[in-house]
Amino acid sequence: MGFWDKFKKEKPAAGEGAGSNEITLEQAKPVTQSIVARLGYPCRIFSRKASYGEIMAAYEQALQEGRQEGFTPVLVPEDSVLDEYQGILKKDGYSLESILSSEPESGEELLKKRFEERLEDGQRQHRVTGEELIGKFDGDDRVIIGTS
């Protein structure tokens, strides 16, 4: 049994759990069916009639289960571009398991590396300084918190 197999358990039947706007895979649009087939993990699919609260209640429930069982749930919107990219990645030999099992870079290190790359490119091409690249710091130490 592979590492990810322990998380591939039966999902609740459509209509169970969060609300009545949950649909079966057969009821979903073809693009949704394609995304779910490529992911290969348990999914709960909601119709467009589902409210924000209904979807978030299901997500909160999945977060609780994930904390106990060692997985992180993800909200994936129906998107033909995502479906197309999944196909390209598969064709190019990428696997979801290898991507998910790789050790992620810290956000701070990633930002530092990308900033240094941009600064080097700017200096080579236009003699740009770091201050010109990011702007002047005005001394305001407020923290901006973003959520997604």
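Above: the structure in question.
These figures come from a predicted structure and were not determined experimentally.

A tally of helices and strands in the protein yields 6 helices and 2 strands. When the helices and strands of the protein are placed in sequence order, the string is β-α-β-α-α-α-α-α. By residue count, 21% of the 148 residues in the protein fall in the buried class. Pairs at least 24 residues apart make up 55% of the contacts formed inside the protein by residues separated by at least 6 positions. Within the structure as shown, the protein displays about 11,900 Å² of accessible surface, and the carbon and sulfur contribution to it stands at 54%.

Moving on to the nonpolar core. Residues Ile23, Ala28, Val36, Cys43 and Ile45 constitute the largest nonpolar core, which totals 5 residues. Apart from residues lying up to four places away in sequence, alanine 28 is in contact with Ile23, Gln33 and Ile45.

Another point: the side chain of asparagine 21. Relative to the assigned elements, asparagine 21 resides in the segment before strand S1 (22-23). A distance of 2.9 Å separates polar atoms of two side chains, one belonging to asparagine 21 and the other to glutamate 54. Among all residues touching asparagine 21, those that are not within four sequence positions of it are Ile45, Phe46, Ser47, Lys49, Ala50 and Glu54.

Moving on, we get to helix H2 (residues 52-69). A rise of 1.5 Å per residue sets the reference length of H2, with its 18 residues, at 26 Å; its end C-alpha atoms lie 25 Å apart and thus fit the reference within 8%. Those residues of H2 that are buried are in contact with S1 and strand S2 (45-46). Within two residues after H2, glycine 70 carries a phi angle of roughly 85°, on the positive side.

Calculation criteria
- Residues numbered from 1 in each chain as written.
- Predicted model: local features only at pLDDT ≥ 70, side-chain atom pairs only at ≥ 80, totals over all residues.
- Heavy atoms only, no water.
- Helix = DSSP H or I, 4+ residues; strand = E, 2+ residues; numbered from the N terminus.
- Buried < 20%, exposed > 50% of the residue type's maximum accessible area, 1.4 Å probe, protein only.
- Contact = heavy atoms within 4.5 Å.
- Areas by Shrake-Rupley, 256 points an atom, 1.4 Å probe, with all protein chains shown as cover.
- Core = buried A, V, L, I, M, F, W, Y, C linked by side-chain atoms within 4.5 Å.
- Polar contact = N/O pair within 3.5 Å; in protein donor to acceptor, adjacent residues only side chain to side chain.
- Expected span 1.5 Å × (residues − 1).

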